[in-house]
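Survey of secondary and tertiary structure
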Amino acid sequence: MSLATSPAPAAIDGKAVPIETPLARFVSDFCESRVAVAALAVLVLIVALAVLAPWITPQNPYDLAQVDVLDSRLAPGEKSFKGPTHWLGTDGAGRDLFSAILYGLRISLSVGVMSGLIAMALGTSVGLIAAYAGGRLDTLIMRLVDLQLSFPAILIALMLIAMLGKGVDKIIVALVAVQWAYYARTVRGTALVEQRKEYVEAAVCLGLSNSRIVFRHILPNCMPPLIVLATVQAAYAIALEATLSFLGVGLPQTEPSLGLLISNGFEYMLSGKYWISFFPGIALLVTIVAINLVGDQLRDVLNPRLRR
Amino acid sequence: MRLARRLLVALALAMAPPAFAEELKIGLAAEPSAMDPHFHNLTPNSGMLSHVFERLVETAPDNKLVPGLAESWRTLTDTVWELKLRRNVKWHDGSPFTADDVIFTFARAPNVPNSPSSFAAAVKGKTIKKIDDHTIEISTPAPHPLMPNDLSNLLIVSKKHGDGAKTEDYNSGKAAIGTGPYKLVRYVPGDRVEMARNDAYWGGKPQWEKLLFKPIKTGPARVAALLAGDVDFIEDVPTADIERLKKEPKLALSQGVSRRVIYFHMDQFRDDSPFIKGKDGSAIKNPLKDTRVRLALSKGINRDAIVSRVMEGVAIPASQLLDHSFFGTSRKLQPVAYDPEGAKKLLADAGYPDGFKMTLHGPNGRYTNDVKIAEAVAQMFTRIGVETAIESLPPSVFFSRASIGAGGQPEFSFILVGWGADTGETSGSLKPLVGTFDKEKGTGTANRGRYSNPVLDKLIAEAQATVDDAKRAEILARASEMAMQDVAIIPSHYPVNTWGARKGLKVQPRADEYTLAMSVTKE
């Protein structure tokens, strides 16, 4: 990847950097912000917990045979009638909240990442085609993007879910439909700028095919803003999925994601059983804040204008 | 001097804040599906429309029958009833109420198109005759002691406004002209129902000048609205909040046992039930046709756990279609004991040693904790080998699909649903729920499982024709026992209803679960 096209200047933070590859430079720039590093560490931890959930949770909260309503609404630290202690308590159906949160994170993260990747692939292709083809096709695609962006995302997602039905795959479809336009617009803007640069002219002179020019030459140079957008959108997708689940249109009741856990606990808020909403809420908050902090720092590092 | 007084009055009127207008704002848990009193036999509809329309015989809060639009009733012979209609009753537009309106209502009630659950049962088999403007005779082919109970279920509409009127005309308010204490002002589905006092009401001036019904589906939001003073009175206080709200000085709660049963209906008419699959996802023959499977599922339900953990104690485990305290129930029946091992054995005996897969459909927000009950039951079934997924649907969608979703037939395989015995005694549950589905006879009107047992049908018919109360109660008890022995339905629990009101208001709980402005008085 040609992330840095200009020759790297010497490190100015006083640290000795013997050989500077673009990657090393990127890493050292990123590490300048302690907050971002901490956020990244938290994010890595969250992802690891989510991935390893089946091995580290005391219970599979989606297996109805393991969940018992007799254990419902236990306070954090209380023992189940079967023996194990629920350190974060249980929800209204008797699910161990720690297990449910990790499994919920799995859904939230995978939905966020999957929908982000698909939307990015789709939006980027459409944006590149629009920029490179220009003319009527460009106008058509961009008006479509404008139209899409003028609708509130949650409304589009709700309508789609209502039409498609419940399920993880349907949520992903809905989130892709909501997100692709952002990618398309960003990529088109960047690609229009890149397109006028000499290296593209040179490639055209060499007689390279359109697809080669677009995907091998222009696309890599559009990556930095895309990466930033992807992190922001991932956080957004997770929040949107949680919102849909909170509204009860997302995932099945027996397989709650974070949003549904919060929604279920919301019923008990007034009666003082705070933990059912509180802990999943904290998990969601920490995840989104961590992604956003990492994304902010990426933006700073990848933005050529902020480069010293 | 006179001018000064007039000025003063005018000033006082101008300055009177809107709070002085006696408005009662009511937070509803479930909103009615129409303003047509014969469209849908559903508690929120019947409750809401009791403000606008009236019945010949009314039900008091304690389930006793009292005169309504009929001043008195008596039997002339075993099969003929005479009803004296109340004089000086006026429709909201000022036209007089007469026997013609009653006769028109009898003709209209069973014939409303697209009705998800009709009032046919209250009308079928009765021949009505006008004697004079204020006397009618109703005759039946056989003795029918439940006549007053049946009549206590049917709202009378005006012939003048109802002739040719469709459900939409009632929704728009055009045809919604009743004799009740309040007039319908506006019905905005999903948002509000507004009513105004009927100053010419025959039963005296109603207490509230205006009524505002707001559907607030989410329990906590409903409680929050009451605490914040946005509404004065709410139904269905969430069970999770009851303990805490009892200590709240700003509020007053009132509770009463309902004449409702929360139960499960099972597809017993299709050979291949759409939402049942083998463990490996393959198609299997409908196992719910086998009594052993139905009994296994019943034994698999831990009713005590549902009552204590899901309903937080505000319910009673159910043994039959109506609580013991009601007429015609069987003392012999006890709630089926939780017995997962016995359930597994029964399943194995029936040829399902590994169980099967099933989807449980239910409404979200129609009954107290309905989704949570479905979830708890899904857990219990999964533990006996019947892997159960749940799908909860918005109530209006659920009821229409559960009744007529599959080409006019019930769509689902296994549903969570509730039934309030609208006659206040057991035949009001037996006939519609486990009687053979027959539109003509008006039996099995809500039999979404299509269970059918001719012997039971005969028993129910016999009970309905038995004039002697003790004898009738005994026959109904036997019919209940038969239905439970066949596991025609699986009863779960009888809810205990809780209403909440701001301090200073007194609410009388009703066994029929109606949330009425008439139940609220100022202390």
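Residues numbered from 1 in each chain as written. Chains lettered and ligands numbered in written order. Predicted model: local features only at pLDDT ≥ 70, side-chain atom pairs only at ≥ 80, totals over all residues. Heavy atoms only, no water.

**What about the overall build of chain A?**
To keep things clear, this is the line we draw: To qualify as a helix, a DSSP run of H or I must reach at least 4 residues; to qualify as a strand, a run of E must reach at least 2; elements of each kind are numbered from the N terminus. Only protein chains enter the area calculation, which uses a 1.4 Å probe; residues under 20% of their type maximum are buried, those over 50% are exposed, and those in between are partly exposed. A contact between two residues is defined here by any heavy atoms of the two lying within 4.5 Å. In these tables, accessible area is a Shrake-Rupley quantity obtained with a 1.4 Å probe, and a residue counts as shielded only by the protein chains included in the view. The charged-residue count follows a simple rule in which Lys and Arg add positive charge and Asp and Glu add negative charge, with His and chain termini not counted at all. Taken as the charge location is NZ of Lys, CZ of Arg, CG of Asp or CD of Glu.
A count of helical and extended segments in chain A gives eleven helices and two strands. Ordered by position from the N terminus, the helices and strands of chain A form the series α-α-α-β-β-α-α-α-α-α-α-α-α. Taken along the three principal axes of its C-alpha coordinates, chain A extends 75 × 55 × 30 Å. Across the 308 residues in chain A, those meeting the buried criterion constitute 45%. Sequence separation of at least 24 residues holds for 68% of the intrachain contacts in chain A that already meet a minimum separation of 6. When the accessible surface of chain A is totalled, it reaches about 15,000 Å², and 68% of it is carbon and sulfur. Taking the 23 positively charged and 21 negatively charged side chains of chain A as two groups, their mean positions are separated by 5 Å.

**A word on the nonpolar core**
The criterion, for reference: Residues enter a nonpolar core if they are buried and are Ala, Val, Leu, Ile, Met, Phe, Trp, Tyr or Cys, with the set joined through side-chain atoms within 4.5 Å.
Among the nonpolar cores identified, the biggest contains 71 residues, and Leu297(B), Phe381(B), Phe414(B) and Val434(B) are the most heavily contacted of them. The element that contributes the greatest number of residues to this core is helix 13 (residues 370-383) of chain B, accounting for seven residues. Contacts of Phe414(B), omitting those with residues within four sequence positions, involve Phe264(B), His265(B), Met266(B), Leu288(B), Leu297(B), Met358(B), Thr359(B), Leu360(B), His361(B), Phe381(B) and Ile490(B). In terms of nonpolar packing, the next biggest core, distinct from the first, is built from 68 residues, Leu128(A), Ile156(A), Val178(A) and Leu284(A) among them.

**What about the packing of helix 2 (residues 34-51) of chain A against helix 4 (residues 97-133) of chain A?**
Residue and element names in this part refer to chain A. Here is the rule we go by: Note on geometry: axes are lines fitted to C-alpha atoms, helical ones only across the stretch in contact, with angles between N-to-C directions running from 0 to 180 degrees. For this classification, under 35 degrees means roughly parallel, over 145 means roughly antiparallel, 65 to 115 means roughly perpendicular, and everything else is oblique.
Remark: helix 2 packs on helix 4, axes separated minimally by 8 Å, with the N-to-C direction vectors making an angle of 110°. It follows from the interaxial angle that helix 2 and helix 4 lie roughly perpendicular. Touching Ile46, Val47, Leu49, Ala50 and Val51 of helix 2 are Leu102, Leu105, Arg106 and Leu109, all from helix 4.

**Considering the domain arrangement of chain B**
Residue and element names in this part refer to chain B. What counts here: The domain limits used here are those given by an automatic or database domain assignment. Computed with a 1.4 Å rolling probe, the buried area is the accessible surface lost when two parts are put together, summed over both parts. Just to be clear on terms, a salt bridge is a Lys or Arg side-chain nitrogen sitting within 4 Å of an Asp or Glu carboxyl oxygen. Two N or O atoms form a polar contact when they lie within 3.5 Å of each other; inside protein one atom must be a possible hydrogen donor and the other a possible acceptor, and for residues adjacent in sequence the pair counts only when both atoms belong to side chains. Polar here means any residue outside two lists: the nonpolar Ala, Val, Leu, Ile, Met, Phe, Trp, Tyr, Cys and Pro, and the charged Asp, Glu, Lys and Arg; Gly therefore counts as polar.
Assigned domains within chain B: domain 1 (23-215) and domain 2 (260-496). Centre-to-centre separation of domain 1 and domain 2, based on C-alpha positions: 30 Å. Taken together, the contact pairs 21 residues of domain 1 with 25 residues of domain 2. Buried area between domain 1 and domain 2, both sides added, is near 1,900 Å², and the carbon and sulfur share of it is 54%. Taken as a group, Lys124, Pro145 and Leu146 account for 26% of the area that domain 1 buries against domain 2, more than any other trio of residues on that side. Linking domain 1 to domain 2 there are zero salt bridges. On the surface where domain 1 and domain 2 come into contact, there are five residue pairs in polar contact (both at pLDDT 80 or more). Within the side of domain 1 that touches domain 2, the residues separate by chemical class into ten nonpolar, nine polar and two charged.

**Points about helix 5 (residues 135-150) of chain A**
Residue and element names in this part refer to chain A. Here is the rule: Helix span, expected: 1.5 Å multiplied by one less than the number of residues in the helix. Each direction from the helix axis to a C-beta atom contributes to the arc, which is the arc of those directions.
Between its first and last C-alpha atoms helix 5 spans 22 Å; for 16 residues at 1.5 Å apiece the expected length is 22 Å, and the two agree. Of all the positions in helix 5, only Asp138, Ile141, Met142, Val145 and Gln148 are classed as buried. Down the axis of helix 5, the buried set is contained in an arc of 115°. They therefore lie on one face. Along helix 5, the residues that are exposed and aim more than 90 degrees away from the buried face are Arg136, Leu140 and Ser150.

**Observations concerning the side chain of Gln320(B)**
Residue and element names in this part refer to chain B. As for its position among the elements, glutamine 320 is in the loop between strand 17 (315-317) and helix 12 (340-349). Polar side-chain contacts of glutamine 320 include one of 3.5 Å to the side chain of serine 319. For glutamine 320, the side chain forms a polar contact with the main-chain oxygen of serine 330, separated by 2.7 Å. Once residues within four sequence positions are removed from consideration, glutamine 320 is found in contact with Val261, Thr329, Ser330, Leu333, Ser480, Met484, Pro491 and Tyr494.

**Digging into the interface of chain A and chain B**
Facing the 19 residues of chain A at the interface are 25 residues of chain B. Each partner contributes to the roughly 2,100 Å² buried at the junction of chain A and chain B, and carbon and sulfur atoms together form 54% of this total. For the pair chain A and chain B, the number of links is four salt bridges. Here Glu312(B) and Arg73(A) are joined by a salt bridge, their closest N and O atoms 3.5 Å apart.

**Things to note about the sheet that holds strand 8 (residues 135-139) of chain B**
Residues and elements named next belong to chain B. Test applied: Here, any two strands with at least 2 DSSP bridges between them count as paired.
Taken in spatial order, the four strands of this open sheet run 5-6-8-7, and their pairing is antiparallel. The outermost strands of the open sheet, each flanked by one partner alone, are strand 5 (70-75) and strand 7 (127-132). Strand-to-strand twist in this sheet, taken as the mean axis angle between neighbours without regard to direction, amounts to 20°. In this structure, strand 5 lies alongside strand 6 (residues 80-85), joined through five bridges in antiparallel fashion.

**Some remarks on the environment of Ser254(B)**
Residue and element names in this part refer to chain B. Position of serine 254 relative to the elements: it lies in strand 14 (residues 251-257). Serine 254 gets classed as buried once you look at its relative accessible area, which sits at 11%. For the pair serine 254 and proline 509, spaced 255 residues apart in sequence, the C-alpha to C-alpha distance is 6.2 Å. Discounting chain neighbours no more than four positions away, the residues touching serine 254 are Asn497, Thr498, Trp499, Val507 and Pro509. Reaching out from serine 254, the side chain makes a polar contact with the backbone oxygen of valine 507 at a distance of 3.4 Å.

**Observations concerning the pattern of salt bridges**
It is possible for side chains of opposite charge to pair when their charged atoms get near one another. Following the criterion strictly, the structure yields 46 salt bridges over all chains and no others. Of the charged contacts, one joins Asp300(A) and Arg299(A) as a salt bridge, the two residues approaching to 3.7 Å between their closest N and O atoms. For Asp199(B), the salt bridge is made with Arg197(B), and the minimal N-O distance between the two is 3.2 Å. Under the relative-accessibility criterion, Arg197(B) is labelled buried at 15%. Counted as one network, the salt bridges with shared partners bring together Arg186(B), Asp191(B), Arg192(B), Glu194(B) and Lys214(B).

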